[in-house]
Amino acid sequence: MNEHDIADPTLAYGGVKRIEWADRSMPVLRQIRERFTAERPLAGLRIAACMHVTTETANLIRTLQAGGASVALAASNPLSTQDDTAAALVAEYGAQVFARAGIDREGYYRHIHQALDTRPDLVLDDGCDLVNILHTERTELADGVRGGCEETTTGVIRLHQMAREGVLRFPMVAVNDTATKHMFDNRYGTGQSTLDGIVRATNTLLAGKTIVVAGFGYCGRGLAERARGLGARVVVTEIDAVKALDAVLQGFAVAPMAEAAAAGDVFITATGNRDVIAAEHFAVMKDGAILANSGHFDVEVDVRALAELAVEVHRGVRPQADEYVLADGRRLVLLAEGRLVNLAAAEGHPAAVMDMSFADQALTCAWLAGEHERLSPAVYEVPADIDMEVARLKLDSMSVRIDTLTPDQRDYLSSWQHGS
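The rules behind the values
- Residues numbered from 1 in each chain as written.
- Predicted model: local features only at pLDDT ≥ 70, side-chain atom pairs only at ≥ 80, totals over all residues.
- Heavy atoms only, no water.
- Disulfide = S-S within 2.5 Å.
- Buried < 20%, exposed > 50% of the residue type's maximum accessible area, 1.4 Å probe, protein only.
- Helix = DSSP H or I, 4+ residues; strand = E, 2+ residues; numbered from the N terminus.
- Contact = heavy atoms within 4.5 Å.
- Core = buried A, V, L, I, M, F, W, Y, C linked by side-chain atoms within 4.5 Å.
- 1 Å grid on protein atoms, 1.4 Å probe; cavity = no way out; pocket = protein on both sides within 12 Å on 5 of 7 lines; lining within 4 Å.
- Points joined across faces, edges and corners; volume = space filled by probe spheres on them.
- Nonpolar A, V, L, I, M, F, W, Y, C, P; charged D, E, K, R; others polar.
- Expected span 1.5 Å × (residues − 1).
- Patch = residues over 30% accessible without salt bridge, like charges linked within 9 Å, V, L, I, M, F, W, Y side chains within 5 Å.
- Areas by Shrake-Rupley, 256 points an atom, 1.4 Å probe, with all protein chains shown as cover.
- Salt bridge = Lys/Arg side-chain N within 4 Å of Asp/Glu carboxyl O.
- Lys, Arg positive; Asp, Glu negative; His and termini not counted.
- Polar contact = N/O pair within 3.5 Å; in protein donor to acceptor, adjacent residues only side chain to side chain.
- Phe/Tyr/Trp six-rings, centres within 6.5 Å; stacked < 30°, edge-to-face > 60°.
- Lys NZ or Arg CZ within 6 Å of the ring centre and 35° of its normal.

**Q** Would you take a moment to explain the state of the cysteines for this structure?
**A** Here, the word disulfide means a covalent bond between the sulfur atoms of two cysteines. Within this structure, the stated rule accounts for 0 disulfides. This cysteine, C219, is not joined by any disulfide, and C128 carries the nearest cysteine sulfur, 17 Å off. Classification of C219 as buried rests on a relative accessible area of 18%.

**Q** Hey, could you run me through the environment of A346 in this one?
**A** With respect to the helices and strands, the residue A346 is situated in the loop between α15 (341-344) and α16 (351-371). Among all residues touching A346, those that are not within four sequence positions of it are S193, D196, G197, R200 and V341.

**Q** Teacher, can you tell me more about the nonpolar core here?
**A** Across soluble globular proteins, you tend to see nonpolar side chains buried next to one another. One finds L42, L64 and L124 to be the most contacted residues of the largest nonpolar core, which totals 56 residues. Ranked by the residues each element gives to this core, the list is headed by α16, at 12 residues. With sequence-adjacent residues up to four places away left out, L42 is seen in contact with F36, I47, L64, G67, G68, A69, L122, C365, A366 and A369. Core analysis: the next-biggest nonpolar cluster, separate from the first, contains 27 residues, A74, Y108, C128 and L134 among them.

**Q** How should the layout of surface pockets be read in this particular structure?
**A** Once rolled over the atoms, a probe with the size of a water molecule shows which space is left empty. For the largest pocket, the calculated volume is near 1100 Å³. Lining the largest pocket are 49 residues, and of these T153, C219, A270, T271 and G272 lie nearest its centre. Taken together, the elements giving at least two residues each to the lining of the largest pocket come down to α3 (55-66), α8 (153-164), α9 (179-202), α10 (218-229), α15 and α16. Considering each element in turn, the lining of the largest pocket owes the most residues, 5 residues, to α9. For the lining of the largest pocket, a count of residues per class yields 15 nonpolar, 23 polar and 11 charged.

**Q** How should helix α5 (residues 105-116) be read in this particular structure?
**A** Residue pairs three or four apart in sequence face the same way in an α-helix, which turns once every 3.6 residues. Taking 1.5 Å of rise per residue, the 12 residues of α5 would be expected to cover 16 Å, and the 17 Å separating its terminal C-alpha atoms lies within 8% of that figure. Every buried residue of α5 is listed here: G107, Y108, H111, I112, H113, Q114, A115 and L116. If you follow the buried residues of α5, they end up packed against β1 (46-51), β2 (70-75), β3 (96-98), α6 (129-136) and α7 (139-142).

**Q** How do you make sense of a nonpolar patch on the surface when you look at a structure like this?
**A** Together, L245, V248, L249 and V254 make up an exposed nonpolar region whose accessible area comes to about 370 Å². Among the elements that line the nonpolar patch, the one with the most residues is helix α11 (residues 241-249), at 3 residues.

**Q** What is the right way to read the side chain of E300 from this model?
**A** Here E300 lies in the loop between β11 (290-293) and α14 (303-309). For the buried residue E300, which engages in no salt bridge, the nearest side chain bearing the opposite charge is R274, 11 Å off. A distance of 2.8 Å separates the side chain of E300 from the backbone nitrogen of G272, its partner in a polar contact.

**Q** Sorry, what's going on with the packing of aromatic side chains here?
**A** The geometry of two aromatic rings is summed up by the distance between their centres and the angle between their planes. Scanning all chains against the criterion turns up 3 aromatic pairs. Taken together, a centroid distance of 4.8 Å and an interplanar angle of 80° make the contact between Y108 and Y109 edge-to-face. The aromatic ring of Y218 is capped on one face by R221, whose charged end is 5.1 Å from the ring centroid.

**Q** How do you make sense of the side chain of H349 when you look at a structure like this?
**A** With respect to the element layout, H349 can be found in the loop between α15 and α16. Judged by its relative accessible area of 11%, H349 is buried. Reaching out from H349, the side chain makes a polar contact with the backbone oxygen of G189 at a distance of 3.3 Å.

Distances and angles like these do not, on their own, reveal function.
And the structure:
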């Protein structure tokens, strides 16, 4: 077997079964895998990825391999790693995997370095940690990287900052920003899987609760819609006036976190920023309030401030739920240590959602392999025809047909000479 660092190779059989089950709900990626097998657009390329080690990711890895690439995978979140999936990728599918569920911070970064030791031609990142290390600690490898993809809002924000400062050394594609990912992954995927994680971790009834959603981007919008659908009263907090107005016009209450903190029963952060829920908010929360994060990094809820305020901490009152007891006896329940609750306390997005996101990733990798010489170090959008192709393949898999333009309609839209 290839070089790897996984928890238990004997888990591979169960991992294969789960990967194959997920594959049933990923028809778009399956079609691309068949195409890649014939066309081999990634032949001879080395890919290093830092992503959630889940069954859906495994099917992306299989697709990249079908295109001719060798793949080294490190985990982007220790709490989301599925050890049986990691074992299957190594033993059955021949990938190099460096991931163990629950590994500490030192081990997390060691695994990213091990993936980079393969001297990648292309990189896939989920939060920009791998790209960051290439620009700070492994700079000797950066010139060999032809380009890469970033899957998250948090990562894309970092990449744009790097590009503005002139330090980005190779082209990166913001896969996160495609229309299909925003719609399917961020809105519908995050909306469902986050609430799934909260319910699994707490067994709480959401109907009748006041749920505070921090951030009304695509993820926050999906969360608010799904929570309202389950009978919750939703309060949105925002810093963006346009997004706040959108929330108001959709019928949601909007308030600053300083006000919402006293009213909420469940809090969900989805902003991509830090300290969204901080010490002053903990001070006024109800007894039993539940704190969950759906942003990429564990900084949106100020866990350090919460620990400093607590006089007791009861770990594991339920799986992925820790209870912080404050001096006045109030108990605040933090889920998944403040990390991504949908992946730590549940299974992340359904496979049908990741089918489209990973289809975008796979096709963009193939595009980068062919176009990298024409690209300068910058942040690029996914080509529109790739996004449209993914949507078309998804509709085909659902047996949904749509209209096409007639020649006259196409001519009308492309000419400025037609008047009223």
